[in-house]
Amino acid sequence: MKTRSELKRAYKGSAPAMGVFVVRNLRNRRFELHASRNLKAGMNRLAVEITPSTRPNRELRRDWEAMGREAFEIAVLDVLEPKDEPGWDPGDDLEQLKAMWHARLVEEGGTPY
């Protein structure tokens with residue numbers, strides 16, 4: 001069994017999960033996609049930011065005020081695995097993954113905010 005300090009060092013040395021997540025209105029099938037180099041931090045930020053007074057997307061804010069929190073879901077759609085290439089920047093891969101999910105959600109009948 002690993003000691004506490006070994007577990008702590010392994011946790012600090014691990015890279016955060018990267019990927020794409022969505023804020024989806026369950027009633028009218030509208031959505032807003034986000035790509036993040038740190039999914040947990042991105043979703044936490046969104047949980048604070050989505051309150052009606054601070055959300056920059058006016059249409060989403062109006063729906064949030066009219067329908068309430070229960071009409072929305074925030075979910076991870078895809079996780080991007082890091083590459084072992086030196087100097088690899090995940091920005092382009094995240095944008096491609098986001099574009100792929102955007103096309104898929106529109107194809108399934110969703111409408112972006």
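Look above for the structure.
Residues numbered from 1 in each chain as written. Predicted model: local features only at pLDDT ≥ 70, side-chain atom pairs only at ≥ 80, totals over all residues. Heavy atoms only, no water.

Trainee: Sorry if this is basic, but what is going on with the overall build of the protein chain here?
Mentor: Along the protein chain, the regular secondary structure elements total four helices and four strands. In sequence order, the protein chain lays out its α and β elements as α-β-β-α-α-β-α-β. In the protein chain, buried positions account for 34% of the 113 residues. Partitioning the contacts of the protein chain with sequence separation of at least 6, the portion at a separation of at least 24 is 61%. Of the roughly 7,600 Å² of accessible surface on the protein chain, a fraction of 51% belongs to carbon and sulfur atoms. (Helix = DSSP H or I, 4+ residues; strand = E, 2+ residues; numbered from the N terminus. Buried < 20%, exposed > 50% of the residue type's maximum accessible area, 1.4 Å probe, protein only. Contact = heavy atoms within 4.5 Å. Areas by Shrake-Rupley, 256 points an atom, 1.4 Å probe, with all protein chains shown as cover.)

Trainee: What's the story with the pattern of salt bridges in this structure? I'm lost.
Mentor: Two side chains carrying opposite charge are able to pair once their charged atoms lie near each other. Within the structure shown, the criterion is met by five salt bridges. Linking R37 and D89 is a salt bridge whose minimum nitrogen-to-oxygen distance equals 2.8 Å. Separated by 52 residues along the polypeptide, R37 in the loop between β2 (30-36) and α2 (39-49) and D89 in the loop between β3 (72-80) and α4 (91-107) bring together distant segments of the chain. With a relative accessible area of 45%, D89 lands in the partly exposed category. Between D93 and K83 there is a salt bridge; the shortest N-O distance is 3.4 Å. Placement of D93 in helix α4 and of K83 in the loop between β3 and α4 is noted, with a sequence separation of ten residues between them. (Salt bridge = Lys/Arg side-chain N within 4 Å of Asp/Glu carboxyl O.)

Just distances and angles here, no functional claims.
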